[in-house]
Amino acid sequence: MVRPSRLRLPKISPYFFNPGLEPDSCLPFPPLEAPSFGLVQEQLAHDPFRLLIATIFLNRTRGGVALPILFQVFDHFPTVEAMAAADLTSLVSMIHCLGFQNQRARKFIRLAQTWLACPPVKGKRYRKLHYPRRMDGRDIGNEECVDDDDSRVAWEIAHLPGVGAYSLDSWRIFCRDELRGLAQDWKGRGALEPGFIPEWKSVLPQDKELRAYLTWMWLKEGWVWDRQTGEKTRASAKVMRTALRGGMAHEENGNWVLETSPVKKIANGLTDSIREPGH
């Protein structure tokens, strides 16, 4: 059983949210040499239960509002067992300012209870209808569990309550390789097989922050990534110079634009190379 660590983590990631910006379209884009992009998922990658709780917190809620409450909840319910036994009224009171508090509180408790009864393990996968593509999962029964020799699309955490596409994308990027024993972290550290390809390289998320993170990760390897198809092209020297500086990324006409200062916009750098179609 994987238990959440009691380690106190930073309350708000420096790159996740800037209160002076519109969170739906802007986010800091760190230099490529930075040790992390700044998503809270990076901090919780070795605590998959907490990571899933965090994704439910962040769904439809700004990080600047959700993250302080998230860590208060972690302090109050430091283990899976504590969350599973949580008093619903008390938990609702703690998260009421986020909205959907009754629905979310019930999800947290049910998620913990299901985790204890049937924790995610290698070799036991469950269907998630229409994830990651439309029609995926329709060939698997509602209560069916498939092993790793089965070629059908299924996931180790799809049986857990409250797990949607954002949670699955986050877990696949940051946790799945470790759960399956393929590597020590999502970046492939300690991979046992030569030519190992980390799971994050096959994820096509809809969430803007996750897409920006994968854009950054691919650029660290010298590639410009197409978030719709997963295809990649070699980044030009100009793009790499721009990305190495970092800056503030925002969307204009569906494309990521990277600004290295409040007044200077690199219009021919990432703008021309990283395609980010609007919804």
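Cut-offs and rules
Residues numbered from 1 in each chain as written. Predicted model: local features only at pLDDT ≥ 70, side-chain atom pairs only at ≥ 80, totals over all residues. Heavy atoms only, no water. UniProt positions renumbered as here; feature names shortened; annotations may be inferred. Salt bridge = Lys/Arg side-chain N within 4 Å of Asp/Glu carboxyl O. Helix = DSSP H or I, 4+ residues; strand = E, 2+ residues; numbered from the N terminus. Buried < 20%, exposed > 50% of the residue type's maximum accessible area, 1.4 Å probe, protein only. Phe/Tyr/Trp six-rings, centres within 6.5 Å; stacked < 30°, edge-to-face > 60°. Lys NZ or Arg CZ within 6 Å of the ring centre and 35° of its normal. Arc of directions from axis to C-beta. Contact = heavy atoms within 4.5 Å.

- Within an unreviewed UniProt entry, the label attached to the chain reads HhH-GPD domain-containing protein, and the organism entered is Aspergillus tanneri.
- Regarding the chain, the UniProt comment filed under Subcellular location (unreviewed entry) reads as follows: "Nucleus".

1. Re the pattern of salt bridges
Part 1 of the argument: Scanning the model with the defined rule gives 10 salt bridges in all.
Part 2 of the argument: Where Glu156 meets Arg180, a salt bridge forms, and the shortest distance between an N and an O atom there is 3.8 Å. Taken together, the positions of Glu156 in the loop between helix H6 (101–117) and helix H7 (165–174) and Arg180 in the loop between helix H8 (176–179) and helix H9 (208–220) put the pair 24 residues apart, joining distant regions of the chain.
Part 3 of the argument: With a relative accessible area of 0%, Glu156 lands in the buried category.
Part 4 of the argument: Here Arg189 makes a salt bridge to Asp185, at a shortest N to O gap of 3.3 Å.
Part 5 of the argument: Classification of Arg189 as partly exposed rests on a relative accessible area of 48%.
Part 6 of the argument: Look at Asp185 and you get buried, because its relative accessible area is 10%.

2. Structural notes on the packing of aromatic side chains
Two aromatic rings, taken as a pair, are described by how far apart their centres are and by the angle between their planes.
Part 1 of the argument: All chains considered together, the criterion is met by 11 aromatic pairs.
Part 2 of the argument: Judged by centre distance (5.5 Å) and plane angle (75 degrees), the rings of Phe49 and Trp115 are edge-to-face. On the criterion of sequence distance, the pair formed by Phe49 in helix H2 (residues 48–58) and Trp115 in helix H6 is long-range, its members being 66 residues apart. In terms of burial, Phe49 and Trp115 fall into one category: buried.
Part 3 of the argument: Judged by centre distance (5.8 Å) and plane angle (90 degrees), the rings of Phe71 and Phe74 are edge-to-face. With a gap of 3 residues between them, Phe71 and Phe74 both fall in helix H3 (residues 63–76), about one helical turn apart.
Part 4 of the argument: A relative accessible area of 4% means that Phe71 is categorised as buried.
Part 5 of the argument: Judged by its relative accessible area of 4%, Phe74 falls in the buried class.
Part 6 of the argument: Counting every residue linked through ring pairs, the aromatic cluster contains Phe29, Phe37, Phe174, Trp186, Tyr213 and Trp216.
Part 7 of the argument: A cation over an aromatic ring shows up here: Lys220 above the ring of Trp216, its NZ or CZ 4.4 Å from the ring centre.
Part 8 of the argument: When the ring centre of Trp223 is taken as reference, the NZ or CZ atom of Arg234 above it lies at 3.8 Å.

3. Some points on helix H5 (residues 88–95)
Residues lying three or four places apart along an α-helix face the same way, a consequence of the helix completing one turn every 3.6 residues.
Part 1 of the argument: Among the residues of H5, those classed as buried are Leu91, Val92 and Ile95. Each buried residue of H5 lies within a common arc of 100 degrees when the element is viewed along its axis, so the set occupies one face.
Part 2 of the argument: Those residues of H5 that are buried lie in contact with H2, H3, helix H4 (80–84) and H6.

4. Considering the environment of Ile197
Part 1 of the argument: One can find Ile197 in the loop between H8 and H9.
Part 2 of the argument: The sequence separation of Ile197 and Lys187 amounts to 10 residues, and the corresponding C-alpha distance is 9.2 Å.

5. A look at unusual backbone geometry
Residues apart from glycine generally show negative phi values, whereas peptide bonds are mostly found in trans.
Part 1 of the argument: With an omega of -5 degrees, the peptide bond between Tyr131 and Pro132 qualifies as cis.
Part 2 of the argument: Within the secondary structure, Pro132 sits in the loop between H6 and H7.
Part 3 of the argument: Residues other than glycine seldom take positive phi values, yet His130 does so here, at roughly 65 degrees.
Part 4 of the argument: Residue placement: His130 occurs in the loop between H6 and H7.
Part 5 of the argument: We classify His130 as partly exposed; its relative accessible area is 37%.
Part 6 of the argument: A positive phi is found at Met135, a non-glycine position, where the angle reads about 85 degrees.
Part 7 of the argument: Judged by its relative accessible area of 41%, Met135 falls in the partly exposed class.

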